[in-house]
Each structure stands twice: as C-alpha cells, then as structure tokens.
Amino acid sequence: MNIKKLTATVVAGLTLATVTFSATGVSANSYTVKSGDSLWKIANEKNISIDELKSLNKLSSDVIQTNQTLQLSKTDATYTVKTGDSIWKIATKKQVTEQNLKSWNNLSTDIIFPGQVLKLTGSDVPVAQEAAPKATEAAPQATTPKAEQTTPKVEKTAPTTPAAAPKAEQAAPKAAAPKVEASNNSASGRQITVQATAYDAVSLGGRTASGHLVTSTSEKVIAVDPSVIPLGSTVYIPGYGTAVARDTGGAIQGNIIDLNMSTAEAVQWGSQTVTVTVK
C-alpha cells in the first residue's frame, strides 16, 4: 500500500467504511469531478495524497465542483531510475501500469538500473483486463472433465454377459483408485501463481468488503478477486502463512492479492510473484 495514501488518511482524520484500493490502471493524468466526490475520496481512489492533489491543482481549500478537471500527476515524459527503484515502485508512483511501463521502454523483464531513463508515455497495453478471464476459464477445465470421464467406464462394464463378469469385478477397484487420488488433491488445494502486494488494513479503518473487522496488523487477512479466489477461502502464501480471503478492491483484478500487515512490513514486502495454495 502506498505510504502517501496512508499519510493522507491520517491527516484527514477519516475512517474508511470498507478497505478499497486504487481502481485506476491507466496512465491518465487528469480526473473529472463527479457528483458526490470529495478531495479525500479522489485522493484515496487515485493513490495520491490530498496535499499533493491540492498542490497540483493550486487549490487553497477542499472545495471542488462537479465537472471540474483535476490534474493527478505532473506531466513528466521521462523518469530517471534511482537506487532502490523497481518497475512496480515506479509504475505505482507515476500512476501507470507495469505492463505499459515495460512496453513503452521495450523491456522484456523487470530488470532496471540506476541512471536509466524510462519513458512515461506511449500507447496503452490492455494486458491486465485480458488476464482475468483466462484465469477463471482455466479452473473448470481442470476439474470438470475428470468427473465426466470416470463415470462412463463403470456403466459400460455393467451390462456385459455372464462370461465377462469377472472382468467387470477386476475393473471396479481400478476405477476407484483415481477417485481417492482426486480427493487427496482436493484436500491439498489448487495452486495458482499471483502477484502479491501488501497494505495496513488497520490504518485504513479495518472494515473489509465482507464485513469483517480487522483489529491487528498481524491478522492474516487478504484481499482477492472473487472470480479467481472466492471470499472465505483459506489461502496459504509462502513467506506470509495461511490467511483468509475476506476483502476485495478495485485494483485487485485477476491473479492479484493484497496482504494485511504493518506499514513497515508492507513497504519491505513490496510486490512479489508467489504460488499460493487455495483450499
């Protein structure tokens, strides 16, 4: 979770009704105010501090008007990589997607080095939107065909002649063996590879999308895309432990999860690609 976002929350002295995340994944540098919007709401959704939002738009108060256009970032065309930077950190800071940042700079990996100049503009690559349907389609393909293939084998052996009866009896134990293996696989859970980020749920009010109240940063709670990992699922994450999927977020789409931990731990965790087990 971005530190600027947490700082803005403390200064504003407001409590979130639910834990939300930045819903923007494109490189837009402006936002048109809608009815019911406030500086706090826009800053929270766009992952920017209230002070920075006011500074960019030269606002002396928190008063904004419907249809007013607000700048969300400076119109810098390039960024020079500093020590400790990563593709994820730069994309988050500059309000662009990692896919776009890599595409604009012809990067095939996440490797960058200090002093490297990166472009911050170009043609958007809608990769994240296509990834979610592929992940959801893969799950039924792995489970449905197995159950359908085992049933016909037993039905075909039953209506045989008396002479074929011994063969049918021998076939029964063989048909039962795969069912035992399938149940063991189900008990261990299915494994998927995800991008894992982190946030301090307690500092953001603690109330999740499922209604659960998080009272400690040590509580193992994660935000997920319900179409990939259903709410209420038990999920084992290497390096974090076993957690419960209790929350969602606008930016949590496809194979992305967000882990509850302290702010210091969240900054240290950053963004990691891990293979998790869902039960």
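Quantities reported herein were computed from a predicted structural model and do not represent experimental measurements.

Next up on the list: the nonpolar core. Formed by 21 residues in total, the largest nonpolar core has its most connected members in I222, I229, I237, Y240, I257, L259 and V276. Put simply, the parts of the chain that give this core at least two residues each are β5 (190-199), β7 (234-237), β8 (241-247), β9 (256-260), α8 (263-269) and β10 (272-278). Top element by residues in this core is β5. It accounts for four residues. Apart from residues lying up to four places away in sequence, I237 is in contact with I222, A243, I257, L259, V274 and V276.

Let us look at the sheet that holds β5. Reading around the circumference, β5-β9-β6-β8-β7-β10 is the order of the six strands in this closed barrel, with mixed pairing throughout. Strand-to-strand twist across the sheet, computed as the mean angle between neighbouring axes with direction ignored, equals 45 degrees. Summarising the sheet, β5 and β10 pair through seven bridges and their orientation is antiparallel. Counterpart to V194 in the pairing with β10 is V274.

With that out of the way, let us pick up the pairing of β10. When β7 meets β10, the two strands line up antiparallel, connected through two bridges. Residue pairing for β10: V235 is matched across the bridge by V278.

The phi dihedral of K58 falls on the positive side, at around 55 degrees, and the residue is not glycine. Assignment of secondary structure puts K58 in the loop between α3 (50-56) and β2 (69-71). Taking relative accessible area as the criterion, K58 reaches 79% and is therefore assigned exposed.

The rules we used
- Counting restarts for each chain: residues are numbered from 1 in the order of the written sequence.
- Confidence filtering applies because this is a predicted model: local features only for residues at pLDDT of at least 70, side-chain atom pairs given and counted only at 80 or more, and all residues used for totals across whole chains, interfaces and linings.
- Side-chain figures throughout are based on the complete set of non-hydrogen atoms in the structure, without hydrogens or water.
- Throughout this description, the term nonpolar core refers to a set of buried Ala, Val, Leu, Ile, Met, Phe, Trp, Tyr and Cys residues connected via side-chain atoms within 4.5 Å.
- The classification of residues rests on relative accessible area computed with a 1.4 Å probe and restricted to protein chains. Under 20% of the type maximum is buried, over 50% is exposed, and intermediate values are partly exposed.
- Put simply, DSSP marks the helices as runs of H or I at least four residues long and the strands as runs of E at least two long, and each gets a number from the N terminus on.
- Contact definition: two residues touch when any of their heavy atoms are within 4.5 Å.
- Being paired, for any two strands, means DSSP has found at least two bridges between them.
- Convention adopted: a line fitted to C-alpha atoms gives each axis, helices being fitted over their contacting stretch, and angles between N-to-C directions are expressed from 0 to 180 degrees.

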